[in-house]
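Survey of secondary and tertiary structure
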Amino acid sequence: MDAQDRVADFFDRHGFEGRPAYQALDLASEVGEIAGDAAKSTTYGEHPEQLAVKTDELGDALFSLLSLCNSLDVDADEALAEAIAKYEARIAERGDPGSEP
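These figures come from a predicted structure and were not determined experimentally. (Residues numbered from 1 in each chain as written. Predicted model: local features only at pLDDT ≥ 70, side-chain atom pairs only at ≥ 80, totals over all residues. Heavy atoms only, no water.)

Concerning the pattern of salt bridges
Overall, the coordinates contain two salt bridges when judged by the stated rule. The salt bridge partner of D9 is R13, with a shortest N-O separation of 2.9 Å. On the criterion of helical spacing, the pair formed by D9 and R13 is a turn pair, its members being four residues apart in helix α1 (residues 3–14). R13 sits in the exposed class, given a relative accessible area of 55%. Linking D37 and K54 is a salt bridge whose minimum nitrogen-to-oxygen distance equals 3.4 Å. Placement of the pair is D37 in helix α2 (residues 20–41) and K54 in the loop between α2 and α3 (55–71), with a sequence separation of 17 residues. (Salt bridge = Lys/Arg side-chain N within 4 Å of Asp/Glu carboxyl O. Helix = DSSP H or I, 4+ residues; strand = E, 2+ residues; numbered from the N terminus. Buried < 20%, exposed > 50% of the residue type's maximum accessible area, 1.4 Å probe, protein only.)

Focus: the side chain of E57
Relative to the helices and strands, E57 resides in helix α3. One buried charged residue, E57, forms no salt bridge at all, with the nearest opposite charge on K54 at 5.1 Å. Among residues more than four places away in sequence, those in contact with E57 are E30, E33, I34 and D37. (Lys, Arg positive; Asp, Glu negative; His and termini not counted. Contact = heavy atoms within 4.5 Å.)

So, the nonpolar core
One finds V7, F11, L66, C69 and A76 forming the largest nonpolar core, which totals five residues. For this core, the secondary structure elements donating two or more residues are α1 and α3. Not counting chain neighbours up to four residues away, the residues in contact with A76 comprise Q4, L66 and C69. (Core = buried A, V, L, I, M, F, W, Y, C linked by side-chain atoms within 4.5 Å.)

Focus on unusual backbone geometry
Unlike most non-glycine residues, T43 shows phi in positive territory, near 50 degrees. As for its position among the elements, T43 is in the loop between α2 and α3. You will see that Y44, though not glycine, has its phi angle at about 55 degrees, which is positive. By the secondary structure assignment, Y44 is in the loop between α2 and α3.

What about α2?
Taking 1.5 Å as the rise per residue, α2 with 22 residues should run 32 Å; its terminal C-alpha atoms sit 32 Å apart, in good agreement. Turning to α2, its buried residues are Q23, L27, E30, I34, D37, A39 and S41. Those residues of α2 hidden inside the fold are in contact with α1 and α3. (Expected span 1.5 Å × (residues − 1).)

Points about the packing of α1 against α3
For the pair α1 and α3, the least separation of the axes is 9 Å and the interaxial angle reads 80 degrees. By the angle class used here, α1 and α3 are roughly perpendicular. Contacts from A3, Q4, V7, A8, F10 and F11 of α1 reach α3 at F63, L66, S67, C69 and N70. When its residues are assigned to classes, the contact of α1 with α3 shows eight nonpolar, three polar and no charged. (Axes fitted to C-alpha atoms, helices over the stretch in contact; angles between N-to-C directions. Parallel < 35°, antiparallel > 145°, perpendicular 65-115°, else oblique. Nonpolar A, V, L, I, M, F, W, Y, C, P; charged D, E, K, R; others polar.)

What follows is the structure, given as C-alpha cells:
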C-alpha cells in the first residue's frame, strides 16, 4: 500500500470526509510550521548549517498534501512525475529548474 492509499484508508477507517478547501489551508499551515522550525533553528537563515525540522511536522505536511490529492482525485505519483518532467524541461531549456521571474 502506497502513502496515498494509506491516507485514504485512514480517512475511511475514521469516517472522515475530505474537504479540499480546508485541506489546502491545512497544508499551508503545516508548511508554515516547517518554515517556522527552519527560521528558528537557523536564526532566520543566518546559520543554515543548523537547520532542524521536526520529522512529525514533515509528516503532517505530507499527510495534508496526500489528503488534498485524494479529495481532488489526483494521483500523487502522476503529479510528481509531471513536476519532475517540468523541472527537467526547464533545466534542458535554461539550465535552471526554477520558475522564470
